Amino acid sequence: MHCAPPEGADRGSCVVLVGGLYGSKEDFLPLMPELATAGHHTYAYDHRGQHESDGPTDPDDYSLDHLAADLQAVLSQVAHPRAVHLVGLCMGAYVARAAALATTSVLSLTAVGWHLGKDGALARRLRTGAALGQRLGPNRTVRLVTGIADLARPDEAADPAYQAVARVRLTTTRAAHYLGLTRAWAAALESDGHPEPPTPTLLVRGSQDTLFPAQGFTDTASRLGAQLTVVPDAGHLVQLHRPNTVAQSLLRFWTTRE
C-alpha cells in the first residue's frame, strides 16, 4: 500500500512500515495518512506468505535473512531521494534492523511495540508453540494461531472494519509463515549478538501494553542510546490506538535526521 503526500507537500522522503508476526500491512492504515500529510511517501507491505503475499510452504524459507532480503527488495523499488525511514512493528523491528544493517539508504529505525532486547523466556515459549504447530499440521496450526491472537490482546478492541481484516488474515496467511517467523523471532531473542542499528533508533510503546514489560524498553533504550516514547492510554497496537500521537513522535524524531 502507498499513501502519497498532498500536492506541494512532498519532502522527497519515504517511510516503509514493516508488520509483525500475527499482522499485515493493514495494521498501519490509521498511521499512513498522518505521515503522508506531513510530506512523506508512506508504504506498507505484507511479508512473504502473509495475508495477500504469496509465499513458500517450507518454514525454513521464512528466516530473518529471507525477510530482510525481501525488505531490501521493497526498498529498491520505493526509495526516494532524500531519506528512507524504517518503522518495524513488534517482530518486524528485527526485520527492519537487519535490512538497515545491510544498506546505507536508511536514515532511521523505529521499533514499535518491541524493544529489540534479549528474552530467553519468551524465546522458549515461541519455540514450544512452533514445535506444537509443526505437529498439528497447517490447518490446525492456523486455528491455534487464531486462538493465541484472540487471547493475547483481549482488551484491544478496534473498529469493525479493522476487526474484519484481522480475522480474515489469520486464515489467508500461510501456516509456514507462522511457524517460520516464530522460529526466527525465537532465534533473535536468544542471540547474544544483537548488533546495534547503524542508524538513530526510536522505541515506541503503549503505556498499557500488557504483552511486554516496560523495563525491557527502558533497558534497551539505555543500551542503544535510543530515544523512548511511551504513548499514554494505548496498548500493544499503539499505532492503531493513538495514530496521531505515534505520528507526531516519529515526525519529531525524523526532523533532526533529514
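Everything below is about the structure printed above this text.
The shown structure was predicted, so the numbers you read here are calculated from the model rather than taken from an experiment.

A. Quick peek at the overall build of the chain. Looking only at helices and strands, one finds 10 helices and seven strands in the chain. Every one of the 258 residues in the chain was classed for burial, and the buried ones make up 53%. Taking the intrachain contacts of the chain between residues at least 6 apart in sequence as the baseline, contacts between residues at least 24 apart amount to 78%. As displayed, the chain has an accessible area near 11,100 Å², and 53% of this comes from carbon and sulfur atoms.

B. Highlighting the environment of Asp 46. Among the secondary structure elements, Asp 46 is positioned in the loop between strand S3 (40-45) and helix H2 (64-78). Residue Asp 46 is classed as buried on the basis of its relative accessible area, which comes to 7%. Distance from Asp 46 to Ser 24, taken between C-alpha atoms, is 5.4 Å for residues 22 residues apart in sequence. Look past the residues within four positions of Asp 46 in its chain and what remains in contact with it is Ser 24, Lys 25, Glu 26, His 51, Glu 52 and Ser 53.

C. Representation of the nonpolar core within the structure. The biggest cluster of nonpolar side chains holds 71 residues, and the ones touching the most others in it are Val 16, Leu 17, Leu 35, Leu 71, Leu 86 and Trp 185. Counting residues per element, this core draws most heavily on helix H7 (residues 175-190), at eight residues. Those residues within four positions of Leu 71 in sequence are excluded, and the remaining contacts are Val 16, Val 18, Tyr 45, Leu 86, Val 95, Ala 96 and Ala 99.

D. Examining the pairing of strand S7 (residues 227-231) more closely. Pairing of strand S6 (residues 201-206) with S7, which is carried by five bridges, proceeds in the parallel orientation. Opposite Gly 206, over in S7, you have Val 231 as the bridge partner. Crossover connection from S6 via helix H8 (residues 214-224) to parallel S7: handedness right-handed.

E. Quick peek at the pairing of strand S5 (residues 106-112). The element S5 is largely enclosed, with a buried count of six among its seven residues. Of the strand pairs in this sheet, strand S4 (residues 83-89) and S5 are connected by six bridges, and their pairing is parallel. Each residue of the ladder has a partner; that of Val 87, found in S5, is Thr 110. Since S4 and S5 lie parallel, the crossover through helix H3 (residues 92-102) that links them has a hand, and here it is right-handed.

F. Spotlight on the pattern of salt bridges. The full count for this structure, using the stated rule, is eight salt bridges. Notably, a salt bridge pairs Glu 52 with Lys 25, separated by 2.7 Å at the nearest N-O pair. With Glu 52 in the loop between S3 and H2 and Lys 25 in the loop between strand S2 (13-18) and helix H1 (32-37), the pair connects residues that are 27 residues apart, well separated along the chain. Overall, the relative accessible area of 59% leaves Glu 52 in the exposed class. Of the residues examined, Lys 25 reaches a relative accessible area of 9% and is grouped as buried. Asp 70 is the salt-bridge partner of Arg 48, the closest N and O atoms lying 2.7 Å from each other. Of this pair, Arg 48 sits in the loop between S3 and H2 while Asp 70 sits in helix H2; the two residues are 22 residues apart in sequence, bridging distant segments of the chain. The exposure class assigned to Asp 70 is partly exposed, which follows from its relative accessible area of 22%. Overlapping salt bridges bring together Lys 25, Glu 26, Asp 46 and Glu 52 as one network.

G. Molecular detail of H8. Here H8 has its buried residues at Gly 216, Phe 217, Thr 220, Ala 221 and Leu 224. End-on view of H8: buried residues confined to an arc of 130°, all on one side of the axis. Here the buried face of H8 lies against S6 and S7. Phi turns positive one or two residues past the end of H8, at Gly 225, with a value near 70°.

The rules behind these values
Residues numbered from 1 in each chain as written. Predicted model: local features only at pLDDT ≥ 70, side-chain atom pairs only at ≥ 80, totals over all residues. Heavy atoms only, no water. Helix = DSSP H or I, 4+ residues; strand = E, 2+ residues; numbered from the N terminus. Buried < 20%, exposed > 50% of the residue type's maximum accessible area, 1.4 Å probe, protein only. Contact = heavy atoms within 4.5 Å. Areas by Shrake-Rupley, 256 points an atom, 1.4 Å probe, with all protein chains shown as cover. Core = buried A, V, L, I, M, F, W, Y, C linked by side-chain atoms within 4.5 Å. Pairing = 2+ DSSP bridges. Right-handed = clockwise from strand over helix to strand, strands pointing away. Salt bridge = Lys/Arg side-chain N within 4 Å of Asp/Glu carboxyl O. Arc of directions from axis to C-beta.

Note that all results are geometric; they support no functional claim without further evidence.
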